[in-house]
Amino acid sequence: MPANAAPARTLDQAYRHFAPAETSPLYQRVAIALSESDEALRAIEAAPPRKRHPTLILAALHDLALAGKAPALAAAYADADGEAVASAAIDTLLGRTGEVVDIVTRRETRTHETGRCAVLYPAIAEVTHRMGADTIGLIDVGCSAALNLNVDRVALEYSDGTTLGDPASPVRMGSTVRGRAPIPTWAMPEVVTRIGIDLDPLDVTVPDDARWLRACLPPEQREQAERLDAEMALAATAPPLLLRGDAVDLLPDALARVPANALPVVLTTWALSQFSLEARLRFLDRLDEAATHRPVAWVSVEGVGAAPAIPTLGDRRASGHSIIGLAVFEHSALRVAAVGRCWSRGRWLAFST
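Residues numbered from 1 in each chain as written. Predicted model: local features only at pLDDT ≥ 70, side-chain atom pairs only at ≥ 80, totals over all residues. Heavy atoms only, no water.

J.: Before we go on, may I ask you to explain the pairing of strand β5 (residues 190-198) in this structure?
T.: Regular strands place side chains that alternate from one sheet face to the opposite one. With seven of nine residues buried, β5 is to be regarded as a mostly interior element. Relative to β5, strand β1 (residues 135-141) runs parallel, the two sharing seven bridges. Looking across to β5, one finds that aspartate 140 is bridged to glycine 196. Examined bridge by bridge, β5 and strand β6 (residues 241-244) share four bridges and lie parallel to one another. (Buried < 20%, exposed > 50% of the residue type's maximum accessible area, 1.4 Å probe, protein only. Helix = DSSP H or I, 4+ residues; strand = E, 2+ residues; numbered from the N terminus. Pairing = 2+ DSSP bridges.)

Below is the structure:
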């Protein structure tokens, strides 16, 4: 090991220093309790090494509570009793080790980000207005549960008083606006196709998948859970087409499924950072290849420098915010623009259009 390299944390250290106190004091208490229990740590070690992270183990325990398989843990969560939660979590882990290992082996944590539609709607509306599109097909790359595909069906309220989307929607979101540039207020064209691509997409019409999404939220986040339930209920009324597999490989098929009279709009929100550089460039090539037959638009919301060809506005990588980018592929020509920045996954945004 290099002289200046930090030693890897042991499992008990990883749990002892897991500190989501601001978002979940209960999870912090459980993580500390697990770190202090040799039996619990041995149970966690039954999971594959990369599946032992606190967020995944805690979500699996929450999933069992939501499924009615850990009533003591569910009751302790409901009472927000830290000591009772810690005790019940250890008992559940020890009593249902096999089920916990099964859950974490086949699942990944899914962070439900509530601000994505607030960023996506004006960006999609802007690029489609520039192209004069009347109808569009949305393709969400790295879609997870594909909730972004309902971007036109939610009510959006911004701190500057701007409102977008469907004002009658049961799902309401918002964002704080920074800077002086106004948010684009064009209406989004009619969405005729909704397609999600993911290695392991979640189908909100499948009870196990819907419950897993809820389980990935800490139990105290009841307001977020209520909004998630509303989003899933909305999505279930018009389920998108979900394609399972490598996004770059499946992108041509997804583009071909958009009707010829509609503009394909590809969305990536913090997805490309999970791709290798080679895969990002192949993604760009796929869009370019499709544009030999029809125009294609790409809306990206990615960390600075993560989206190939999208300008960085002079910002440095790892600067803590993301760039809102628009790209138009048409007859082998590429037009790109960075139209704004956002922070905290869309909770704050600044357009520069």
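What follows picks up the thread again.
J.: Looking at this structure, how should I read the sheet that holds strand β10 (residues 333-343)?
T.: Note: strands within a sheet are paired through backbone hydrogen bonds, in either parallel or antiparallel orientation. With mixed pairing, eleven strands are arranged side by side in an open sheet as β3-β2-β4-β11-β10-β9-β8-β7-β1-β5-β6. Each having just a single partner strand, β3 (163-165) and β6 make up the two edges of the open sheet. The average angle at which neighbouring strand axes cross in this sheet is 25°, direction not considered. The pairing of strand β2 (residues 155-158) with strand β4 (residues 172-177) spans four bridges and is parallel. Each residue of the ladder has a partner; that of leucine 156, found in β4, is methionine 173. (Axes fitted to C-alpha atoms, helices over the stretch in contact; angles between N-to-C directions.)

J.: Would you take a moment to explain the packing of helix α2 (residues 25-35) against helix α6 (residues 82-95) for this structure?
T.: Each pair of packed helices can be described by the angle between their axes along with the distance between the axes. Between α2 and α6, whose axes approach to 9 Å, the crossing angle comes to 50°. When the axis of α2 is compared with that of α6, the two are oblique. In the crossing of α2 with α6, the sense of the turn from one axis to the other is right-handed. Counted together, Leu26, Arg29, Val30, Ala33 and Leu34 of α2 and Gly82, Glu83, Val85, Ala86, Ala89, Ile90 and Leu93 of α6 form the full contact between these two elements. (Parallel < 35°, antiparallel > 145°, perpendicular 65-115°, else oblique. Left-handed = near helix turned anticlockwise from the far one by under 90°. Contact = heavy atoms within 4.5 Å.)

J.: What is the right way to look at the packing of aromatic side chains in this model?
T.: We describe a pair of aromatic rings using the distance from one ring centre to the other and the angle between the two ring planes. Here the structure, examined in full by the defined rule, presents one aromatic pair. Stacked on the ring of tryptophan 343, the Lys or Arg arginine 178 has its end atom at 4.7 Å from the ring centre. (Phe/Tyr/Trp six-rings, centres within 6.5 Å; stacked < 30°, edge-to-face > 60°. Lys NZ or Arg CZ within 6 Å of the ring centre and 35° of its normal.)

J.: I keep staring at the nonpolar core and nothing clicks. Help me out?
T.: Nonpolar side chains in soluble globular proteins tend to be buried together. One finds Leu34, Leu73, Leu93, Val100 and Trp212 to be the most contacted residues of the largest nonpolar core, which totals 49 residues. For this core, the leading source of residues is helix α4 (residues 54-66), giving eight residues. Counting 42 residues, the second largest nonpolar core, distinct from the first, contains Ile136, Leu164, Leu234 and Cys342. (Core = buried A, V, L, I, M, F, W, Y, C linked by side-chain atoms within 4.5 Å.)

J.: Would you mind going over the environment of valine 204 with me for this structure?
T.: Within the secondary structure, valine 204 sits in the loop between β5 and α9 (207-215). Taking the C-alpha atoms as reference, valine 204 lies 9.8 Å from leucine 234; in sequence the two are 30 residues apart. The residues contacting valine 204, other than those within four sequence positions of it, are Ala145, Leu147, Ala210, Leu213, Met232, Ala235 and Ala236.

J.: Sorry if this is basic, but what is going on with unusual backbone geometry here?
T.: Excluding glycine, residues mostly carry a negative phi; peptide bonds, for their part, are mostly trans. Phi is positive for alanine 80, close to 55°, though the residue is something other than glycine. Tracing the backbone shows alanine 80 in the loop between α5 (71-79) and α6. Given a relative accessible area of 48%, alanine 80 falls into the partly exposed group. Not every positive phi belongs to a glycine, and arginine 345 is a case in point at roughly 55°. Mapped onto the elements of the fold, arginine 345 is located in the loop between β10 and β11 (348-351). For arginine 345, a relative accessible area of 33% corresponds to the partly exposed category.

Taken by themselves, the reported measurements are silent on function.
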